[in-house]
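Secondary and tertiary structure notes
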Amino acid sequence: STDSKHIILYLHGGSYTSGTARQYRNMHLRLAQATGVQVLGFSYRLAPQAPYPTQLYDAYCAYQYVRDLGFSDDHIIFAGDSAGGNLALALWQLLRAPIRALVLLSPRVDVTSTRDSWKRNAQVDVLRPYTLDNSHSTIRQLLAPKGLSQQTYQLLSNPFIAPIHADLTQLPPILVQVGTAEVMLDDIVEFAAQAQMQSSSTVELQQYENMFHVFQAGLPGTRHFKEAWERIGAFI
């Protein structure tokens, strides 16, 4: 049975340069099955054709659509993976609304690629370090597809781009899942630690041994896959 009183707004990953709601249909179905809550996914415009903050504007419009459907903030959950987790955090910062919860799967919380896990897990993770110097890098396509400026480098510490720098004092209850084989592991662990220090809400960080980036989208039938989805359902 589906809980009709609550809704999950799902923001898909893809480094802001790829992905659609249709491609994430299986993820939406798994989330609905795990939680018993209806899920709304949407496609936002992608870089480099649509540079930042176009994606945040599209996410805001999706949120307003959910509100127009009659859902109050305390019945709305933001969820997302990778760049979608980043966008979910940016949307929450924009609104500062008392939503019910945040569910983030391997969220991108920083774009400096400087912490040790970027070296430690480089051989086992498909993600490459973020760099503005390479015109083909996803962060360059998102922030400066037409060329760099001093302002572009300043964006790397903008809390909407890198939520690790955000004010998290009013954060709603949040669940963060990450695999220990991810290059972003140390970024995410530090973000969760800051959230725990700043917020009075529940901050639940779940680490999965030897799992890769957004492993919840694959490996059905494995122990970690089942456990992750069960714990998402329990959290919601």
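Per chain, residue numbering runs from 1 following the sequence as it is written. For a predicted model such as this one, the threshold for reporting local features is a pLDDT of at least 70, and the threshold for listing and counting side-chain atom pairs is 80 or more; totals across whole chains, interfaces and linings nevertheless cover every residue. Each side-chain value is derived from all of the structure's non-hydrogen atoms; neither hydrogens nor water enter the calculation.

Let us look at the nonpolar core. In this description, a nonpolar core means a group of buried Ala, Val, Leu, Ile, Met, Phe, Trp, Tyr and Cys residues linked to one another through side-chain atoms lying within 4.5 Å. Each residue gets one of three labels from its accessible area relative to the maximum for its type: buried under 20%, exposed over 50%, partly exposed in between, using a 1.4 Å probe on protein chains only. Formed by 53 residues in total, the largest nonpolar core has its most connected members in Leu 9, Tyr 52, Phe 78, Leu 102, Ile 139 and Ile 174. Numbering of helices and strands starts at the N terminus; helices are DSSP runs of H or I of at least 4 residues and strands are runs of E of at least 2. If you list the elements that add at least two residues to this core, you get strand E1 (3-11), helix H2 (54-68), strand E3 (76-81), helix H3 (83-95), strand E4 (101-105), helix H5 (138-143), strand E5 (174-179) and helix H7 (185-198). Here this core gets 7 residues from one element, more than from any other, and that element is H3. Setting aside chain neighbours within four positions, we find Phe 78 in contact with Leu 9, Tyr 63, Ala 88, Leu 91, Trp 92, Leu 95, Ile 99, Ala 101, Leu 102 and Val 103. Formed by 17 residues, the second largest nonpolar core is a distinct cluster that contains Ile 8, Val 37, Ala 101 and Val 214. Any two residues having at least one pair of non-hydrogen atoms within 4.5 Å are treated as being in contact.

With that settled, consider unusual backbone geometry. Following Ala 47, the chain continues to Pro 48 via a peptide bond in cis, the omega torsion being 5°. By the secondary structure assignment, Pro 48 is in the loop between strand E2 (37-41) and H2. In this structure, the amide linkage connecting Tyr 52 to the following residue, Pro 53, adopts the cis form with an omega of 10°. One non-glycine residue with positive phi stands out, namely Ser 113, at about 55°. Positionally, Ser 113 belongs in the loop between E4 and helix H4 (117-120).

A few words now on the packing of aromatic side chains. Two aromatic rings from Phe, Tyr or Trp, using only the six-membered ring of Trp, form a pair when their centres are within 6.5 Å; if the ring planes differ by under 30 degrees the pair is stacked, by over 60 it is edge-to-face, and anything between is tilted. By the definition in use, this model includes 8 aromatic pairs. Between Tyr 10 and Tyr 24, the aromatic rings sit 6.0 Å apart at their centres with planes inclined by 35°, giving tilted as the arrangement. In this pair, Tyr 10 is assigned in strand E1 and Tyr 24 in the loop between E1 and helix H1 (25-35), connecting sequence segments 14 residues apart. For the pair Tyr 10 and Tyr 24, one class covers both residues: buried. Ring centres of Tyr 16 and Tyr 52 lie 6.1 Å apart, and the angle between their planes is 80°; on these two criteria the pair is classed as edge-to-face. Remark: Tyr 52 occurs in the loop between E2 and H2 and Tyr 16 occurs in the loop between E1 and H1; sequence separation between them is 36 residues. For the pair formed by Tyr 16 and Tyr 52, the shared burial category is buried. Site record: aromatic cluster; members linked through ring pairs are Tyr 16, Phe 42, Tyr 44 and Tyr 52.

One side-chain nitrogen of Lys or Arg within 4 Å of one carboxyl oxygen of Asp or Glu is enough to make a salt bridge. According to the stated counting rule, one finds 8 salt bridges in the structure shown. Notably, a salt bridge pairs Asp 116 with Arg 120, separated by 2.6 Å at the nearest N-O pair. Classification of Arg 120 as partly exposed rests on a relative accessible area of 43%. Two residues, Arg 231 and Glu 227, come together in a salt bridge whose shortest N-O distance is 3.1 Å. Of this pair, Arg 231 and Glu 227 both sit in helix H8 (residues 223-235), 4 residues apart, which is roughly one turn of that helix. Taking the relative accessible area as the measure of exposure, Arg 231 reaches 31% and is therefore partly exposed. Under the relative-accessibility criterion, Glu 227 is labelled partly exposed at 28%. The structure contains a network of salt bridges with shared partners spanning Asp 110, Arg 115, Asp 187 and Glu 190.

Multiplying one less than the number of residues by 1.5 Å gives the expected span of a helix. Between the first and last C-alpha of H7 there are 20 Å, a value that for 14 residues agrees with the 20 Å anticipated at 1.5 Å per step. What H7 keeps buried is the set Leu 185, Asp 186, Asp 187, Ile 188, Phe 191, Ala 192, Gln 194 and Ala 195. Considering only its buried residues, H7 is in contact with H3, H4, E5 and strand E6 (203-208).

Mapped onto the fold, Thr 35 is located in helix H1. Polar contacts, as used here, are pairs of N or O atoms within 3.5 Å; protein pairs need one atom able to donate a hydrogen and one able to accept it. Residues neighboring in sequence count only if both atoms are side-chain atoms. Polar contacts involving the side chain of Thr 35 include one to the main-chain carbonyl oxygen of Leu 31, which spans 2.7 Å. Among all residues touching Thr 35, those that are not within four sequence positions of it are Ile 8, Ile 232, Gly 233 and Ile 236.

Let us now look at the sheet that holds E1. Here, a strand pair is defined by DSSP locating no fewer than two bridges between the strands. Read across the sheet, 6 strands follow the order E2-E1-E3-E4-E5-E6 without closing on themselves; strand pairing throughout is parallel. Unpaired on one side and paired on the other, E2 and E6 mark the two borders of the sheet. Across the sheet, the mean angle separating the axes of adjacent strands is 20° when strand polarity is ignored. To obtain each axis, a line is fitted to C-alpha atoms, and for helices this fit is confined to the stretch in contact; angles are then taken between N-to-C directions over 0 to 180 degrees. Each of E1, E2 and E3 is contacted by H2, which is oriented at about 175° to E1, the strand it contacts most. Each of E5 and E6 touches H7; the most contacted strand, E6, lies at about 160° to it.

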